[in-house]
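Read off the chains here:
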Amino acid sequence: MDEEGSDEGVVRRDRFSGGPARSFLSSLAADERIFEADLEVDRAHAVMLAECGIVDDETVGEILTALDAIEVEGHAALPDGEDVHEAIETAVIERVGPDGGKMHTARSRNDEVATCIRYRLREDVLEALETTLGLREALCEVAAEHTETVMPGYTHLQPAQPITVAHWTLSYESAVRRDTARLLEAYARINESPLGGAAFAGTTFDIDRERTAELLGFDSVIENSMDASSSRDFLLETTQALSTLATTLSGLAEDLVVFANRGFVDLSDDYASTSSIMPQKKNPDTLELVRAIAGDAAGAVQGLTTTLKGLPRAYNRDLQRATSHAWETVDAVREATEVAAGTVATADWPEDVLADAAGEGFSTATGVADLLAANGLPFRTAHEVVAIAAERGADYDAIAAAAEEVLGESLETYVDPDAVAAALDPTESVASRDSQGGPAPVAVETQLEAARDALAADEESLEALEASLETAHETLRAEVNGYV
Ligand code: ARG
């Protein structure tokens, strides 16, 4: 038997333990992140070995006692090893004697590491999911306060049509809602157990893979042992979902940077920064960092994809370098989401400044054209009339003159002057766009209600996922206590 599946591994390992590539091979330092996960995976595996009669209860009790002691001493106290799996096994053998090596019966580091990564990543993704809910909550709160606060809306960064702060806010809420959904989908595929796949080709021992999956809180077992030990598409999918979230955040951050530049939003000092030389400066640095994290995440997706591309089945050590991309991304994106939520929750929206700017650049032009079209003019003709007016003063008189020129008739034969005056008013303009999903306060109220319902539903899903991990943890602890 090779070093991946037998007690003799301890001896064989010595032959390969030195050499100039020792530290190059080692993932022990990086494995600190999966130290606790590995101990849990060891516990579940040991309990299953006892239950299946593969290792006697007394030996399993000693192994489990050793694992508890190793946990107390921490990752830093581990003996040297190529990785955390080897180091923990060595530490168990140091405490229990050669029988400690029975812990690694019927498994390999290949299925072990895949299980540890999934175990730890679940917790990280749950935390990232929490931050998306926090951001959605903050966006909803701003929306609730500002359903009537008109502001300019842009396309191509040019004034386009007046909207409200709530309409802008909820446009990001729905995008983040989809980001939450993508992460939840990724979570479902993380939450499957590879344990028992062994090196890649299964084992001669009569193990119970469903049982270890259950003890570790996994929803199901990854059936094919080769797939179980070597697939990392769950890392890619999770990193991609995080990268998409980061891209959403980058747009939100950019909008806020632009709004801050124009005085449309006043960021809290807590989320702004100053200059070391220019005393008057208040800079949106945190938002610029949020914007930049999308670059890190996209880079991680690229790095991970490139590492995984064309790898042969089954396990290859390239996989050791795949994992860090996911850890770095989940850490960075979680933090960026939290900062974005804090920035949104604490910013002020100066209503007067926004109202003054809402009509800038003849932003009500589309509404005037719509009005003419609603009164019998073909929309294309109405567009032409208003376009001419836009170049000549962009007010009632300019519109009336342009209408006469194009139509050969007075504007008043088509439309009531009061209605035109109303269409030119940003607040009225917003109120009139009450189509489904539009910026009119009444339409935004509907959107806000849907956003809050979706948020409550996702909160519930998240609580259920957290509770199921907690239950599994407690069940495993109770089983372990039966042996120690
Ligand atoms: N440390 C490795 C990893 O992170 C697991 C070890 C598998 N080693 C092996 N020679 N098959 O992927």
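Residues numbered from 1 in each chain as written. Predicted model: local features only at pLDDT ≥ 70, side-chain atom pairs only at ≥ 80, totals over all residues. Heavy atoms only, no water.

Defined as follows: UniProt positions are given in the numbering used here, feature names are shortened, and annotations may be inferred rather than shown by experiment.
Identification of the chain as Argininosuccinate lyase from Natribaculum luteum is taken from an unreviewed UniProt entry. Under Catalytic activity (unreviewed entry), UniProt gives the following word-for-word description of the chain: "2-(N(omega)-L-arginino)succinate = fumarate + L-arginine". The UniProt entry for the chain carries the following text under Sequence similarities (unreviewed entry): "Belongs to the lyase 1 family. Argininosuccinate lyase subfamily."

## Concerning the confidence of the model for the chain
Low pLDDT marks stretches whose predicted atomic positions should not be read closely. Inclusion rule: pLDDT expresses how confident the predictor is about each individual residue, on a scale running from 0 to 100. We call two residues in contact whenever any of their non-hydrogen atoms come within 4.5 Å of each other.
Summarising the model, the chain shows a mean pLDDT of 95, and 97% of its residues fall at 70 or more. Below pLDDT 50 for its whole length, residues 1–9 participates in 15 contacts with residues either more than four positions away or in separate chains.

## Thoughts on the UniProt feature "domain: Argininosuccinate lyase C-terminal" (unreviewed entry) in the chain
Cut-off, in case you're wondering: Each helix corresponds to a stretch of at least 4 residues labelled H or I by DSSP, and each strand to a stretch of at least 2 residues labelled E; elements are numbered beginning at the N terminus.
Annotation from UniProt places "domain: Argininosuccinate lyase C-terminal" (unreviewed entry) at residues 362–431. What you have in residues 362–431 is 70% helix and 0% strand, and the ends, taken at the C-alpha atoms, are 17 Å apart.

## Here we look at the nonpolar core
Counted only if it meets this: Only buried residues count toward a nonpolar core, which is a set of Ala, Val, Leu, Ile, Met, Phe, Trp, Tyr and Cys residues joined through side-chain atoms within 4.5 Å. Buried residues are those whose accessible area, probed at 1.4 Å on protein chains only, stays under 20% of the maximum for their type, while exposed residues exceed 50% and partly exposed ones sit between those limits.
Formed by 103 residues in total, the largest nonpolar core has its most connected members in Leu78, Val92, Leu135, Trp168, Leu252, Leu256 and Trp349. The leading source of residues in this core is helix α6 (residues 109–145), at 14 residues. In this structure, leucine 135 is in contact with Val176, Leu249, Leu252, Thr337, Ala340, Ala341 and Val344, ignoring residues within four places of it in sequence. Within the second largest apolar cluster, 21 residues are counted, among which are Ala365, Leu372, Leu377 and Val385.

## Quick look at the UniProt feature "coiled-coil region" (unreviewed entry) in the chain
Sequence positions flagged by UniProt for "coiled-coil region" (unreviewed entry) are, in local numbering, residues 448–475. Within the segment residues 448–475, helix and strand shares are 100% and 0% respectively, and the terminal C-alpha atoms sit 41 Å apart.

## Looking at empty space enclosed by the protein
In this approach, a probe sized like a water molecule rolls over the atoms, and the result shows the empty space that is left. Basically, it comes down to this: Put plainly, a pocket is an open set of points on a 1 Å grid over the protein atoms alone with protein on both sides within 12 Å along at least five of seven lines, a cavity is a set where a 1.4 Å probe fits but cannot get out, and a lining residue has an atom within 4 Å of a point. Grid points are joined across faces, edges and corners, and a volume is the space filled by probe spheres set on the points. Ten residue types, Ala, Val, Leu, Ile, Met, Phe, Trp, Tyr, Cys and Pro, are classed as nonpolar, four, Asp, Glu, Lys and Arg, as charged, and the remainder, Gly among them, as polar.
The final tally for this structure, using the stated rule, is one cavity of 30 Å³ or more. Of the pockets and cavities examined, the largest cavity occupies roughly 30 Å³. Split into classes, the residues belonging to the lining of the largest cavity amount to seven nonpolar, one polar and no charged.

## Comments concerning the pattern of salt bridges
In plain terms, the rule: Salt bridges are identified by distance alone: a Lys or Arg side-chain nitrogen within 4 Å of an Asp or Glu carboxyl oxygen.
Under the criterion given, the structure shown has 33 salt bridges. Among the ionic pairs, glutamate 173 bridges to arginine 177, the shortest N-O distance being 2.7 Å. Here arginine 177 and glutamate 173 lie together in helix α7 (residues 165–190), a separation of four residues that amounts to about one turn. Three or more residues joined by partner-sharing salt bridges are found here, namely Arg22, Asp80, Glu82, Asp83, Glu86, Arg109 and Arg317.

## Concerning the pairing of strand β1 (residues 150–155)
Note the cut-off: Strands were regarded as paired on the criterion that DSSP finds at least two bridges between them.
Pairing of β1 with strand β2 (residues 158–164) involves six bridges; the strand directions are antiparallel. Considered in β2, the bridge of threonine 155 is made with glutamine 158.

## A word on unusual backbone geometry
The amide bond that connects arginine 313 to the next residue, alanine 314, takes the cis arrangement and shows omega of 5 degrees. Along the polypeptide, alanine 314 turns up in the loop between α11 (285–308) and α12 (318–346). One non-glycine residue, phenylalanine 362, lies in positive phi territory at about 55 degrees. With respect to the helices and strands, the residue phenylalanine 362 is situated in the loop between α13 (351–358) and α14 (365–374).

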